[in-house]
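So the chains spell out like this:
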Amino acid sequence: MRTHVNSVGLLVVSDPVLNFSYPAHIPRECIDALPSLPGIYIFRDAAGKPVYIGKSVNIRTRVLSHMRTTEEMQMLARAATIDFERTGGEIGALLRESELVKRHQPVFNSKLRRLREMCSISMGGDHPEIVFAREVDFALAGQLYGLFGSKKAAIETLRDVVHARSLCPVATGLEKGVPGRPCFARQVARCKGACTGEEPAADHAARVRQALEPLRVTRWPFAGAVAIVEESAGLRQRAIVDRWCYLGVDKPRAAAVSFDIDVYNILVRPLQSGTLRIEEL
């Protein structure tokens, strides 16, 4: 709801329904059918193709807010109908939105639309290594730090960490060096001598891990798949997830399980906080 101060100084809380004016080409019954409950909603064009998919804990209020946003006039002009799908709660709505956006690739969903080839920084040994999701199971691997959409982004992050923590760019693989010869960073006192042996390799590796710790990727914390249980206004749903991969509601679909960064970002903090109702399968 929006608020404003009227001409006599009173704070007025406006009802989004009262302020609502919808594009005339979208049937009114589409709006009237929207519930004030959690779920996803889909703006479709005249051919029925999704042009935008969203989620909310209050579908009706969220859709009405789209109607009053001038920045979304282009999307509204393309839309011919609106439909919705209820979920058991916010987590279910987030997971379902992510799934449908990837499947349908709506033109106005720019953030979730493209599947990305992820890479990360591995510290399985004494030296950091850039690894890719196509080669390593990110859900189960240990000592992974950061999730990146490109090798370049991972290297830039590693370079920033090395500079900030006085690590050795040669020992971390960022620069080539000559054995026993100090790197440039050592010459200007920004390296503790891992390149020359003055700092033991194990000590340097421990400092690298400590520096990367805020970026640590959380391993899947269960032995297998789990159901995240949510209930809303009589609707009870069980979102099935395995190794940071969403497998559908109640009965998991038959599909290859692969690490999904969007599912990871949706679930990692709620799982760590213990706020979700979990059933192990």
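Shown above is the structure to which this text applies.
This report concerns the structure included in the present document. (Residues numbered from 1 in each chain as written. Predicted model: local features only at pLDDT ≥ 70, side-chain atom pairs only at ≥ 80, totals over all residues. Heavy atoms only, no water.)

Some details on the sheet that holds strand β12 (residues 277-280)
Then, number 1: Pairing within the open sheet is antiparallel, and its four strands lie in the order β11-β10-β9-β12. Every other strand in the sheet has two partners, leaving β11 (246-249) and β12 as the edge strands with one partner each. Strand after strand, the sheet turns through a mean of 30 degrees between neighbouring axes, direction not considered.
Then, number 2: Helix-sheet contacts for helix α4 (residues 90-104) involve β9 (226-232), β10 (235-241) and β11, and the interaxial angle to β9 is about 115 degrees. (Pairing = 2+ DSSP bridges. Helix = DSSP H or I, 4+ residues; strand = E, 2+ residues; numbered from the N terminus. Axes fitted to C-alpha atoms, helices over the stretch in contact; angles between N-to-C directions. Contact = heavy atoms within 4.5 Å.)

With respect to the packing of aromatic side chains
Then, number 1: In the structure shown here, the tally under the stated rule is seven aromatic pairs.
Then, number 2: Look at Trp 220 and Phe 222: their rings are 5.2 Å apart centre to centre, the planes differ by 65 degrees, and that puts the pair in the edge-to-face class.
Then, number 3: On the accessibility criterion, Trp 220 (6% relative accessible area) is buried.
Then, number 4: For the pair Trp 220 and Trp 244, a centre-to-centre distance of 5.0 Å together with 80 degrees between the ring planes defines the contact as edge-to-face. Taken together, the positions of Trp 220 in the loop between α7 (201-212) and β9 and Trp 244 in the loop between β10 and β11 put the pair 24 residues apart, joining distant regions of the chain.
Then, number 5: In textbook terms, an aromatic cluster arises when at least three aromatic residues are bridged by ring pairs, as seen for Phe 138, Trp 220, Phe 222, Trp 244, Phe 259 and Tyr 264.
Then, number 6: The positively charged end of Arg 134 is found above the aromatic ring belonging to Phe 132, 4.5 Å away from the centroid. (Phe/Tyr/Trp six-rings, centres within 6.5 Å; stacked < 30°, edge-to-face > 60°. Buried < 20%, exposed > 50% of the residue type's maximum accessible area, 1.4 Å probe, protein only. Lys NZ or Arg CZ within 6 Å of the ring centre and 35° of its normal.)

Some remarks on the pairing of β11
Then, number 1: Note: β10 against β11, two bridges, orientation antiparallel. Bridging across to β11, Ala 239 finds its partner in Val 249.
Then, number 2: Linking β10 to β11, which pair antiparallel, is a turn of four residues; within it Arg 243 sits at a positive phi near 50 degrees.

Structural notes on helix α8 (residues 261-273)
Then, number 1: For α8, spanning 13 residues, the distance from its first C-alpha to its last is 19 Å, which sits close to the expected 18 Å at 1.5 Å a residue.
Then, number 2: At Leu 267, α8 is deflected by roughly 35 degrees, the largest bend along its length, and proline Pro 270 occurs up to four residues later in sequence.
Then, number 3: What α8 keeps buried is the set Ile 261, Asp 262, Val 263, Tyr 264, Ile 266, Leu 267, Val 268, Pro 270 and Leu 271.
Then, number 4: Next to the buried residues of α8 lie α4, β8 (144-148), β9, β10, β11 and β12.
Then, number 5: With a side-chain oxygen lying 2.8 Å from the backbone nitrogen of Asp 262, the N-terminal cap of α8 falls on Asp 260.
Then, number 6: Of the residues flanking the end of α8, it is Gly 274, one or two places downstream, whose phi is positive at about 75 degrees. (Expected span 1.5 Å × (residues − 1). Bend = angle between axes of the 7 residues up to and from the residue. Polar contact = N/O pair within 3.5 Å; in protein donor to acceptor, adjacent residues only side chain to side chain.)

Here's the deal with the environment of Arg 216
Then, number 1: With respect to the helices and strands, the residue Arg 216 is situated in the loop between α7 and β9.
Then, number 2: Along the backbone, Arg 216 and Tyr 145 are 71 residues apart, and their C-alpha atoms lie at a distance of 4.2 Å.
Then, number 3: Excluding anything up to four places from it in sequence, Arg 216 contacts Gln 143, Leu 144, Tyr 145 and Tyr 264.
Then, number 4: A distance of 3.2 Å separates polar atoms of two side chains, one belonging to Arg 216 and the other to Tyr 145.
Then, number 5: At 2.9 Å, the side chain of Arg 216 and the side chain of Glu 213 are in polar contact.

Concerning helix α5 (residues 151-164)
Then, number 1: Here α5 contains 14 residues, and its C-alpha end-to-end distance of 20 Å stays within 8% of the 20 Å for a straight helix at 1.5 Å per residue.
Then, number 2: Along α5, the residues classified as buried are Ala 154, Leu 158, Val 161 and Val 162. For α5, the arc enclosing every buried residue in end-on projection is 100 degrees, short of the 170-degree limit, so these residues lie on one face. Exposed and facing more than 90 degrees away from the buried side of α5 are Lys 152, Asp 160, His 163 and Ala 164.
Then, number 3: Buried residues in α5 make contact with β6 (119-122), β7 (129-132), β8 and α7.
Then, number 4: The positive-phi residue at the C-terminal boundary of α5 is Ser 166, with phi of around 55 degrees. (Arc of directions from axis to C-beta.)

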